[in-house]
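Residue-level listing of the chains:
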Number of protein chains: 4
Amino acid sequence: MSTVLILDPAADAKAVGGALKRLGQWASLLEGPPRAYRLDPPSAPVTRAALAAVPGVAQVLVPASPHPRVDGQAHRAVPFGPVAVGGDAPPVFIAGPCSVESLQTAHEAAAAAAHAGARLLRGGAYKPRTSPYSFQGKGSDALGWLREAADAHGLGVVTEVLSEPTVDAVAGAADVLQVGSRNMQNFALLKAVGAAGMPVLLKRAMAATLEEWLLAGEYLLDAGAPSVVFCERGIKGFDPQTRNLLDLGAVAVLAHAMGQPVLVDPSHATGRRDLVPPLTAAALAAGAAGVMVEYHPDPAQALSDGPQALDAAGLAAVAAHFPGSAR
Amino acid sequence: MSTVLILDPAADAKAVGGALKRLGQWASLLEGPPRAYRLDPPSAPVTRAALAAVPGVAQVLVPASPHPRVDGQAHRAVPFGPVAVGGDAPPVFIAGPCSVESLQTAHEAAAAAAHAGARLLRGGAYKPRTSPYSFQGKGSDALGWLREAADAHGLGVVTEVLSEPTVDAVAGAADVLQVGSRNMQNFALLKAVGAAGMPVLLKRAMAATLEEWLLAGEYLLDAGAPSVVFCERGIKGFDPQTRNLLDLGAVAVLAHAMGQPVLVDPSHATGRRDLVPPLTAAALAAGAAGVMVEYHPDPAQALSDGPQALDAAGLAAVAAHFPGSAR
Amino acid sequence: MSTVLILDPAADAKAVGGALKRLGQWASLLEGPPRAYRLDPPSAPVTRAALAAVPGVAQVLVPASPHPRVDGQAHRAVPFGPVAVGGDAPPVFIAGPCSVESLQTAHEAAAAAAHAGARLLRGGAYKPRTSPYSFQGKGSDALGWLREAADAHGLGVVTEVLSEPTVDAVAGAADVLQVGSRNMQNFALLKAVGAAGMPVLLKRAMAATLEEWLLAGEYLLDAGAPSVVFCERGIKGFDPQTRNLLDLGAVAVLAHAMGQPVLVDPSHATGRRDLVPPLTAAALAAGAAGVMVEYHPDPAQALSDGPQALDAAGLAAVAAHFPGSAR
Amino acid sequence: MSTVLILDPAADAKAVGGALKRLGQWASLLEGPPRAYRLDPPSAPVTRAALAAVPGVAQVLVPASPHPRVDGQAHRAVPFGPVAVGGDAPPVFIAGPCSVESLQTAHEAAAAAAHAGARLLRGGAYKPRTSPYSFQGKGSDALGWLREAADAHGLGVVTEVLSEPTVDAVAGAADVLQVGSRNMQNFALLKAVGAAGMPVLLKRAMAATLEEWLLAGEYLLDAGAPSVVFCERGIKGFDPQTRNLLDLGAVAVLAHAMGQPVLVDPSHATGRRDLVPPLTAAALAAGAAGVMVEYHPDPAQALSDGPQALDAAGLAAVAAHFPGSAR
């Protein structure tokens, strides 16, 4: 991105432009002298060598990557609790309740998740809620329930960290630390979470560009996280029929053009359980390395986000999209 | 959508709320008397009978549908030139050049499209271009080339109508009339296109809500179109890595919750040929009844949108996502 | 925009960067050789000479402007029916009903508009409506009423053209032809409207970039329009409290950085009459060359957009923001 | 918002609809029995009594306000360090550098701000930066410089808090605590900042609805803040000509329809110093209770956001928009 190609004085600018089209590049001609082509997104990935080899191109000017550590984890599977994610690893399935409400419901959810083929249990102990008067999560008690339930069913635990002072407590109970959308650019939290030295699931903020998202990952890796797995969960949209706007184009860019491990959360993306199964399939087809969904043993009793929680039938429908499962 | 439930005076509002969660409904309580629940998107589809059956619900108030004709074509395959689209019909594959530049390239494109399993040939005779100084299409000549090339390879033709005075000419050469994004709410054109009595491919405008899109379809059906097939081609987004923002959540809503026939154009959605194959797969997984892609025998020579046109290898990669093909 | 600066081999890149900051430029360094700075929006306007004068800059590469005819009308007042708009001309005030419903209401509206200081009467004869079942306007009859009412009160007429076949009829009754948001990229209509040889009021599409908007103006000027006045009317937003999202930053860019004549329609921007007076004041302060508002003698009887129409008190409140009026 | 009106069985629904238009209400009819009107945004403010008085309306059902504490500070001036903001208080002017880089530049900035009529000095000690490799602020040293410089010129101090552990240190140096856009829904920080018992300047997140923004204010007030002043600083937009998309419609809603104290930051909204003066004027005209701008004694030397910082001439141009100043 942002590359400039300086042309030989004798170059045929139209021929160079054709060659750039063949390479999938959107280019605009700059008057000189010297004449130059400026390459802009949404151009496809291309190597510097391929550009330099175009007849008529004299020099290739590129900016340094702003996120070298994120680039460094590209095109391979990275550690993610009990599994590896990305690269050639099989897609990972994560399920569990929006919030962890009791030891009993945690056990029920873990049993169902494990039965469906999930490898990690999700569940919120500390919940970010839009209103101060909404249920805020069961806190440290819930961390214990979550760990106990996951262990009983051979699952890893991924749960969200909401504040610096609780990083250690959450890290003690979890295999993967989640940073939520609303904290994607809470840089103090990113530094503290990275310093915990654990894999991180980094959700995209409501209106983050891909570069802002990658740079948030750079904060985590720079602070000490061994791996960052990105999670698309829908950005702010203008149509009310879905809670958010699921951006599977972004997933395809991260997965295919950048080689990054990226998951999808179709539950928050849509806010409606009827759309979670087809969008799970779509996410995997777009290149997602897995999905994370909300499941509740009895959605009618859920203390948060009940209308979007899968019931048992929905969980089975989602599970069916994972290859090779016995479900 | 927009439903209001009036409660029995003696109803347990919390129990009613739980039952609504079980039905996938997002509800907010209105103080009375009488007390009521207002249901809002992104609630899942639900029947009036299911709501009326919730204990404690006294009355169910719903608005009339604003698009009865569109509702009338739901949950079944509709005519679309040589094939049927939606319902139980197999997914349809449409390919061809951005613009039809010569009889020769039309033949080459048709041959490649037919070989890849496409059933319709796409191609622009009249091109909507952002700049008045860009190539505007070959016009009526191109209509003839398109028809001849399609016929030679057993394909149907879908091509865009840009203006009322050319509706008849385009209708004479095409099997399906396309209305482009920039004309989705060109109501004069919708009326003229509908009056031609042919199936229509209706692209979504850059910032159209689903209801605005469906109402544009209602214009077409009301004016005489036998069927409207919707086509998601990306809405305006803020991230430069893709040309537009592909909204597969909207596709899932139309396909699964509304039963409408909906296609996806991953070429315009992304503007990059490297992402067209995975997003074709994702579109079909999300519920799309088919895809339409841009292919050019030699992208370097394309007069418009070259960087996003598939080459032969890309076309084969897309074709591989269609079930049952011999490709 | 899109400029690239090639540095002298011996240049101090940091010093060059500082000088660019002083010029209001956002710049990113490209590795070479040669080293270069790429300037990107939202940089402030700057002349090529100022960039060339920065010590260490060897060459300045700029793309040609894509809209030379629009550039040609910059920084001066342009004809707009009975008045001139932009440049040093006083701000223009346009008022009238959403749709022209009868000769009587047209007269009442014209009288009120003239009394309030308006110089042009607005009113729809052909109405673009989201639903085919909504009132579509009184058509050619309304054109006559509008002309008669305007003439009786010494006003010019601005009214929307919805389709090519009606351009002549509308041009016969109007002083300024309006192209609506939904038709901003209806290129066939732009060509036909431009060919009528009259001033045009060009509304911004729901999700148009400024460049797309300017290029739509280029279509009009290239086709023969003597002047194009731009009109911001709110773009698609995600917050329901206003009907659209009024983009006064765009108004400031057009007015101050580009010298283009630009009006604001606060009625459609907000959909609520209570916000029209303060946003009229804000529009003028941001650099708008005038405003256009909806007024109805009796909003309760309005056949379209009644809740956003100003009543008499609202019209007076708007008028008070125009300098030097006797109101 | 979200109100439902139940009609008398004998009511004339059309007449009721007309009366609602006269009250500025967007309403949709729900079939019954009973028949009802559902009122939706962007309806203008209206009292329950006015709705109940419409002939034919039998009952008015409204939801409880989700942010009673924010409602409680409406329509009056609230404490804001050395001044009061909102209500009948004169508009407040805040200026200062993006980041506080040295005691000397803090003094220079404070002198210039005071000379221009500012009442508070802004400046970042802890800076939220998109990249981990960008300058992160001078930290606690900068807090001291800021306080000393402000005191020397009779100014209050507003500065951003980035993390819970630094709330006390920042509170010790500041008169107003700022919560930035990226932390608007960092609920742990909101609770900690509220508990400090100081006035808060709460910036709107990049994609926050007004209700989400108000609820973030509710967190602060609920936790102990004596006042919350909202600050619009531009939301995420799709046009590159401005850094963000300034939403003055939102400012008008907060100021006029809700009576809340709301400031505008035109520097971050646009990212270009040339647009700060006109948008300052526009903000005040729209109802803003003041503005906050970035000023640097020498923008070429600024360690962050230099291209958007006002120089001395720009500061004077902004100051000229404040009524009654001696500047």
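Residues numbered from 1 in each chain as written. Chains lettered and ligands numbered in written order. Predicted model: local features only at pLDDT ≥ 70, side-chain atom pairs only at ≥ 80, totals over all residues. Heavy atoms only, no water.

## Digging into the overall build of chain A
Put simply, the test is: The helix and strand labels rest on DSSP assignments: H or I over at least four residues marks a helix, E over at least two residues marks a strand, and numbering proceeds from the N terminus. Only C-alpha atoms enter the radius of gyration; for comparison, a globular chain is expected to reach 2.2 Å times N to the power 0.38, where N is the number of residues. For each residue, the accessible area found with a 1.4 Å probe, counting protein chains only, is set against the maximum for its type, and the residue is called buried under 20%, exposed over 50%, and partly exposed in between. The contact definition used throughout considers only heavy atoms, calling two residues in contact when any of these lie within 4.5 Å. Here the open area of atoms and residues is found with the Shrake-Rupley method and a 1.4 Å probe, where only the protein chains shown may cover a residue. Here Asp and Glu are counted as negative and Lys and Arg as positive; His is not counted, and neither are the chain ends. Here the site of a charge means NZ on Lys, CZ on Arg, CG on Asp, or CD on Glu.
Along the backbone of chain A there are twelve helices and 14 strands. In terms of C-alpha radius of gyration, chain A reaches 22 Å, essentially the compact-globule figure of 20 Å for 327 residues. With respect to the three principal axes, the spread of C-alpha positions in chain A is 75 × 40 × 35 Å. Taking all 327 residues of chain A together, 64% fall into the buried category. Contacts in chain A between residues far apart in sequence, at least 24 positions, make up 67% of those at least 6 positions apart. When the accessible surface of chain A is split by element, carbon and sulfur atoms take 54% of a total near 10100 Å². Side-chain charges of chain A comprise 24 positive and 28 negative groups, with the mean position of each set lying 5 Å from the other.

## Section: the packing of aromatic side chains
All names here are of chain A. For the record, the criterion: Between rings of Phe, Tyr and Trp, where Trp is taken as its six-membered ring, a pair exists when centres lie within 6.5 Å; planes separated by under 30 degrees are stacked, by over 60 edge-to-face, and by other angles tilted.
Following the criterion strictly, the structure yields twelve aromatic pairs over all chains and no others. Summarising the aromatic geometry, the rings of tryptophan 213 and phenylalanine 230 are spaced 5.4 Å apart at their centres and angled 85 degrees between planes, so their arrangement reads as edge-to-face. Taken as a pair, tryptophan 213 in helix H8 (residues 210-223) and phenylalanine 230 in strand S12 (residues 228-232) lie far apart in primary sequence, 17 residues in all. Like phenylalanine 230, tryptophan 213 is buried.

## Thoughts on the relation of the copies chain B and chain D
The criterion, for reference: Least-squares superposition aligns the copies on the C-alpha atoms of those residues with pLDDT at or above 70 in both.
Structural alignment of chain B on chain D gives an RMSD of 0.0 Å, achieved by rotating through 180 degrees and translating 0.0 Å along the axis. Those values place the two copies in the arrangement expected of a two-fold rotation axis. By C-alpha distance to the rotation axis, the residue of chain B lying nearest is phenylalanine 238 of chain B, at 2.2 Å. When the interface residues of chain B are mapped onto chain D, 100% of them again lie at the interface, so the same face is used by both copies.

## Let's talk about the sheet that holds strand S2 (residues 26-30) of chain A
Residues and elements named next belong to chain A. Convention followed: Only strands that DSSP links by at least two bridges are regarded as paired with each other. A fitted line through C-alpha atoms represents every axis, and for helices the fit uses only the stretch in contact; the resulting angles, taken between N-to-C directions, go from 0 to 180 degrees.
Strand order across the open sheet formed by four strands is S2-S3-S1-S4, with antiparallel pairing between neighbours. Each of the sheet's edge strands pairs with one partner strand only, and the pair in question is S2 and strand S4 (57-61). Between one strand axis and the next, the sheet turns through 25 degrees on average, direction left out of account. Helix H1 (residues 13-22) rests against strand S1 (4-7), S2, strand S3 (36-40) and S4 of the sheet, and its axis sits at about 20 degrees to S3.

## Brief notes about the side chain of glutamate 294 of chain A
Structurally, the position occupied by glutamate 294 of chain A is in strand S14 (residues 290-294). If sequence neighbours within four positions are ignored, glutamate 294 of chain A has contacts with Gly96, Cys98, Arg122, Ser267, His268, Asp305, Gln308, Ala309 and Leu310 of chain A.

## Concerning the environment of phenylalanine 230 of chain D
Among the residues examined, phenylalanine 230 of chain D registers a relative accessible area of 0% and is labelled buried. The contacts of phenylalanine 230 of chain D, once residues within four sequence positions are left out, are Val70, Gln73, Leu201, Leu202, Trp213, Leu214, Gly217, Leu254, Gln260, Pro261, Val262 and Leu263 of chain D.

## A look at the pattern of salt bridges
Let me state the cut-off plainly: A pairing counts as a salt bridge when a side-chain nitrogen of Lys or Arg comes within 4 Å of a carboxyl oxygen of Asp or Glu.
Scanning the entire structure with this criterion turns up 52 salt bridges over all chains. Each of Arg38 and Asp40 of chain A together with Arg38 and Asp40 of chain C takes part in salt bridges that share partners, so that together they form one network.

## Considering the relation of the copies chain B and chain A
Relative to chain A, chain B is turned by 180 degrees and slid 0.0 Å along the rotation axis, the superposed coordinates differing by an RMSD of 0.0 Å. The share of interface residues of chain B whose copies in chain A are also at the interface is 100%, consistent with both copies meeting through the same surface.

## So, the interface of chain B and chain D
Note the cut-off: Note on terms: buried area is the combined drop in 1.4 Å-probe accessible area of two parts once they are placed together, counting the loss on both. When residues are sorted by character, Ala, Val, Leu, Ile, Met, Phe, Trp, Tyr, Cys and Pro go into the nonpolar class, Asp, Glu, Lys and Arg into the charged class, and all the rest, Gly among them, into the polar class.
With 25 residues of chain B at the contact, the number on the chain D side is 25 residues. Of the roughly 1700 Å² buried between chain B and chain D on both sides combined, carbon and sulfur atoms contribute 59%. Seen at the junction of chain B and chain D, the total is two salt bridges. We note a salt bridge from aspartate 40 of chain D to arginine 38 of chain B, for which the minimum N-O separation is 2.7 Å. Among the elements of the structure, strand S1 (4-7), strand S2 (26-30), strand S3 (36-40) and strand S4 (57-61) of chain B are those that each provide at least two residues to the side of chain B that touches chain D. Looking at which element gives the most residues to the side of chain B that touches chain D, the answer is S3 of chain B, with four residues. In terms of residue class, the side of chain B that touches chain D is built from 14 nonpolar, six polar and five charged.

## Things to note about the packing of helix H9 (residues 248-257) of chain D against helix H11 (residues 276-286) of chain D
Residue and element names in this part refer to chain D. Orientation of H9 relative to H11, taken along the N-to-C sense of each, is 35 degrees, at an axis distance of 8 Å. Along the contact surface, H9 presents Leu248, Val251, Ala252 and His256, while H11 presents Ala282, Ala283 and Ala286. For the contact of H9 with H11, the class distribution of residues is six nonpolar, one polar and no charged.

## Thoughts on the pairing of strand S7 (residues 92-96) of chain D
Residue and element names in this part refer to chain D. Condition: By the criterion used throughout, a crossover qualifies as right-handed when its path from the first strand across the helix to the second strand runs clockwise, the strands pointing away from the viewer.
S7 sits mainly inside the fold: five of its five residues count as buried. Bridging between S7 and strand S14 (residues 290-294) involves five bridges; their strand directions are parallel. Looking across to S14, one finds that isoleucine 94 is bridged to methionine 292. Where S7 lies against strand S8 (residues 120-122), two bridges are found, and the strand directions are parallel. Note on S8: the bridge partner recorded for alanine 95 is leucine 121. Note that the unit made of S7, helix H4 (residues 103-115) and S8 has a crossover that is right-handed.

## Thoughts on the interface of chain B and chain A
To be explicit about the condition: A 3.5 Å cut-off defines polar contacts: any pair of N or O atoms within that distance qualifies, except that in protein one atom must be a possible hydrogen donor and the other a possible acceptor, and neighbouring residues in sequence count only when both atoms are side-chain atoms.
Contacts between the two partners involve 56 residues from chain B and, on the opposite side, 56 residues from chain A. Approximately 4300 Å² of surface area, both sides summed, lies buried where chain B meets chain A, with 67% of it carried by carbon and sulfur atoms. Scanning the region where chain B abuts chain A turns up two salt bridges. Linking aspartate 298 of chain B and arginine 22 of chain A is a salt bridge whose minimum nitrogen-to-oxygen distance equals 3.6 Å. The interface formed by chain B and chain A contains ten residue pairs in polar contact (both at pLDDT 80 or more). Classifying every residue of the side of chain B that touches chain A gives 31 nonpolar, 13 polar and twelve charged.

## Comments concerning the sheet that holds S3 of chain B
Adjacent strands of a sheet pair through backbone hydrogen bonds, lying either parallel or antiparallel. All names here are of chain B. Taken together, the four strands give an open sheet; going across it, the order is S2-S3-S1-S4, and neighbouring strands pair in antiparallel fashion. The open sheet has two edge strands with one neighbour each: S2 and S4. Recorded for the sheet is a direction-independent mean angle of 25 degrees between the axes of neighbouring strands. Contacting S1, S2, S3 and S4, helix H1 (residues 13-22) crosses the sheet at an angle of about 20 degrees to S3.

## Observations concerning the packing of helix H7 (residues 187-195) of chain A against H8 of chain A
Residue and element names in this part refer to chain A. To keep things clear, this is the line we draw: Any angle from 65 to 115 degrees is called roughly perpendicular, while one under 35 is roughly parallel, one over 145 is roughly antiparallel, and all others are oblique. What makes a crossing left-handed is the near helix being turned counterclockwise from the far one by less than a right angle; a clockwise turn instead makes it right-handed.
Where H7 contacts H8, the two axes come as close as 7 Å, and the packing angle between them is 40 degrees. As the angle between them shows, H7 and H8 are arranged oblique. Two packed elements cross with a definite hand, and for H7 against H8 that hand is right-handed. Between H7, through Phe187, Leu190, Lys191, Val193, Gly194 and Ala195, and H8, the contact on the second element is made entirely by Ala216, Tyr219, Leu220 and Ala223. Residue classes in the contact of H7 with H8 are distributed as eight nonpolar, one polar and one charged.

## Brief notes about the pairing of strand S1 (residues 4-7) of chain C
Along any regular strand, the residues point their side chains to alternate faces of the sheet. All names here are of chain C. Neither face of S1 is exposed, since Val4 and Ile6 on one face and Leu5 and Leu7 on the opposite face are all buried. The pairing of S1 with strand S3 (residues 36-40) spans three bridges and is antiparallel. By the bridge assignment for S3, leucine 5 is matched with tyrosine 37. Where S1 and strand S4 (residues 57-61) come together, four bridges link them in antiparallel fashion.

## Quick notes on helix H12 (residues 312-319) of chain A
All names here are of chain A. As a reminder of what qualifies: Here, the arc refers to the directions that run from the helix axis to the C-beta atoms.
For H12, the set of buried residues is Gly314, Leu315, Val318 and Ala319. All buried residues of H12 fall inside an arc of 140 degrees around its axis, so they share one side. Opposite the buried face of H12, at more than 90 degrees from it, the exposed residues are Ala312 and Ala313. Residues of H12 that are buried in the fold lie against strand S7 (92-96), helix H4 (103-116), helix H11 (276-286) and S14.

## With respect to the confidence of the model for chain A
Quick reminder of the rule: One confidence number per residue, pLDDT, is output by the predictor and ranges from 0 to 100.
Chain-level statistics for chain A give a pLDDT mean of 96 and a share of 98% at 70 or above. The complex prediction reports pTM at 0.97, with the ipTM value standing at 0.96.

## As for helix H9 (residues 248-257) of chain C
Residue and element names in this part refer to chain C. With eight of ten residues buried, H9 lies mostly within the body of the structure. Within H9 the residues assigned to the buried category are Leu248, Gly249, Ala250, Val251, Ala252, Val253, Leu254 and Ala255. Remark: glycine 259 follows H9 within two positions and exhibits a positive phi of approximately 70 degrees.

## Description of the environment of threonine 3 of chain A
Among the structural elements, threonine 3 of chain A can be located in the segment before S1. Sequence-wise, threonine 3 of chain A and proline 63 of chain A are 60 residues apart; in three dimensions their C-alpha atoms are separated by 7.0 Å. Every residue in contact with threonine 3 of chain A, bar those within four places of it in the chain, is listed here: Tyr37, Arg38, Leu39, Leu51, Val60, Leu61 and Val62 of chain A together with Arg38 of chain C.

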